[in-house]
Amino acid sequence: MSEESSDQSTASSAPASRPAKAAATEEVLYEGGPHPMDLVFGLLAALTVVGIPLAVGAVVRALWLRFRITDRTIAVKGGFWGRTATTVSFGQIREVRSVSRGFGLYGDMVLILKGGGALEMRSLPDYRRWRDLVEERCPGPKAASRRSGQAGFSN
């Protein structure tokens, strides 16, 4: 029996090593959370009663929101305790919309997907760089819509 169990353990570990090799070829361009100034501006807004929900949102983003941008995919991990993860390849993106926040230090980016869904990336540091990267790698004609003079999230 011990021979059978050792054969099963080696057989089960061999397929697991293949995806690790494939993932190793992916180059990570950015991995981290939202821009720290988002939290600072949110906490400053908490000085007013109206700004308290903004501060709570900024704290939640600072604690649980994480971005991972590679040369092939974009992954956003968030939700309660960071349990929700969404990964999108550049081929799935139909359109990119972005807006500057925090006096241009960071921004929000929405990736409109071919299936009709959307992936929001709030308080993304250096968002102009990532927007340009996504537009460069998107296969669709809608990726260049921002360059035609449209700003923000407008159509």
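Residues numbered from 1 in each chain as written. Predicted model: local features only at pLDDT ≥ 70, side-chain atom pairs only at ≥ 80, totals over all residues. Heavy atoms only, no water.

Draft legend 1. Examining the packing of aromatic side chains more closely. Counted under the stated rule, the structure contains two aromatic pairs. Judged by centre distance (5.9 Å) and plane angle (40°), the ring pair of Tyr-30 and Trp-130 falls under tilted. A residue pair is termed long-range when its members are at least 10 positions apart, and Tyr-30 in strand 1 (residues 28–32) and Trp-130 in helix 4 (residues 127–137) qualify at 100 residues. On the basis of relative accessibility, which here comes to 18%, the residue Tyr-30 falls in the buried class. For Trp-130, a relative accessible area of 3% translates into the label buried. Ring centres of Phe-41 and Phe-103 lie 5.7 Å apart, and the angle between their planes is 75°; on these two criteria the pair is classed as edge-to-face. (Phe/Tyr/Trp six-rings, centres within 6.5 Å; stacked < 30°, edge-to-face > 60°. Helix = DSSP H or I, 4+ residues; strand = E, 2+ residues; numbered from the N terminus. Buried < 20%, exposed > 50% of the residue type's maximum accessible area, 1.4 Å probe, protein only.)

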